[in-house]
Amino acid sequence: MKKLIILFAITIFAGVGFAQTAVVSGTTATLNKNLEQNFVEFKMPSEVTTEVVDKSAQYYTDYFTVDFKPETYIARINIIDQEAQARRVISRFLLSTGVRTVNFEGKDYTIMEFYSNFLE
């Protein structure tokens with residue numbers, strides 16, 4: 001039983017250690033301005049490749065397109081329509097690329113917290 005608990009604890013700490021964080025630059029005002037112009041930019045973790053972004057983005061073409069620059073790791077999500085579903089689907093895209101947290105204004109948010117606070 002003791003070994004099982006230790007194994008479980010190690011698994012949880014390893015999972016947290018490998019959680020990938022995307023970064024959104026700017027302030028809430030800049031983010032809102034960008035969203036009004038139908039885009040948002042994320043600096044993806046260095047582990048994210050063009051292939052991962054392209055594979056994930058292909059499922060969401062009804063809602064947005066993604067322009068990824070591998071040299072800077074910037075993923076620009078161009079929202080097609082300003083309906084709420086399009087912004088909600090951004091969280092699915094981030095999860096499918098391996099991102100688990102978003103750093104914005106110096107604070108880490110889970111993807112759902114980021115969506116609730118800034119995209120909804």
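Residues numbered from 1 in each chain as written. Predicted model: local features only at pLDDT ≥ 70, side-chain atom pairs only at ≥ 80, totals over all residues. Heavy atoms only, no water.

Chemist: How would you summarise the overall build of the protein if you had to cite specific residues and measurements?
Modeler: Summing up its helical and strand segments, the protein has five helices and six strands in all. Ordered by position in the sequence, the α and β elements of the protein form the string α-β-α-β-α-β-β-α-β-β-α. Buried residues in the protein amount to 35% of all 120 residues. Taking contacts inside the protein between residues at least 6 apart in sequence as the whole, the part at least 24 apart equals 59%. (Helix = DSSP H or I, 4+ residues; strand = E, 2+ residues; numbered from the N terminus. Buried < 20%, exposed > 50% of the residue type's maximum accessible area, 1.4 Å probe, protein only. Contact = heavy atoms within 4.5 Å.)

Chemist: Can you tell me about the packing of aromatic side chains, naming the residues and giving the values?
Modeler: Within the structure shown, the criterion is met by seven aromatic pairs. Aromatic pair Phe64 and Phe93: ring centres 5.9 Å apart, planes at 80°, arrangement edge-to-face. Here the residue Phe64 occupies a position in strand β3 (residues 64-69), and Phe93 occupies one in helix α4 (residues 84-96), the gap between them amounting to 29 residues. Residue classification places Phe93 among the buried positions, given a relative accessible area of 0%. Considering the side-chain rings of Phe104 and Phe118, the 4.8 Å spacing of their centres and the 75° angle between planes classify their relative orientation as edge-to-face. Remark: Phe118 occurs in helix α5 (residues 111-119) and Phe104 occurs in strand β5 (residues 99-104); sequence separation between them is 14 residues. Residue Phe104 is classed as buried on the basis of its relative accessible area of 0%. Between the NZ or CZ atom of Arg76 and the centre of the ring of Phe39, over which it lies, the distance is 3.7 Å. (Phe/Tyr/Trp six-rings, centres within 6.5 Å; stacked < 30°, edge-to-face > 60°. Lys NZ or Arg CZ within 6 Å of the ring centre and 35° of its normal.)

Chemist: With reference to specific residues and values, describe the nonpolar core.
Modeler: Within the largest apolar cluster, 31 residues are counted, with the highest numbers of intra-cluster contacts made by Phe42, Met44, Ile90, Phe93, Leu94 and Phe114. Aside from chain neighbours lying at most four places away, what touches Ile90 is Val40, Phe42, Phe64, Ile77, Ile79 and Leu119. (Core = buried A, V, L, I, M, F, W, Y, C linked by side-chain atoms within 4.5 Å.)

Chemist: Please give an account of the pairing of strand β6 (residues 107-110) that cites residues and values.
Modeler: Pairing of β5 with β6, which is carried by four bridges, proceeds in the antiparallel orientation. Paired with Phe104 across the two strands is Lys107, which belongs to β6. The antiparallel hairpin formed by β5 and β6 contains two residues in its connecting segment, where Glu105 sits at a positive phi of about 55°. (Pairing = 2+ DSSP bridges.)

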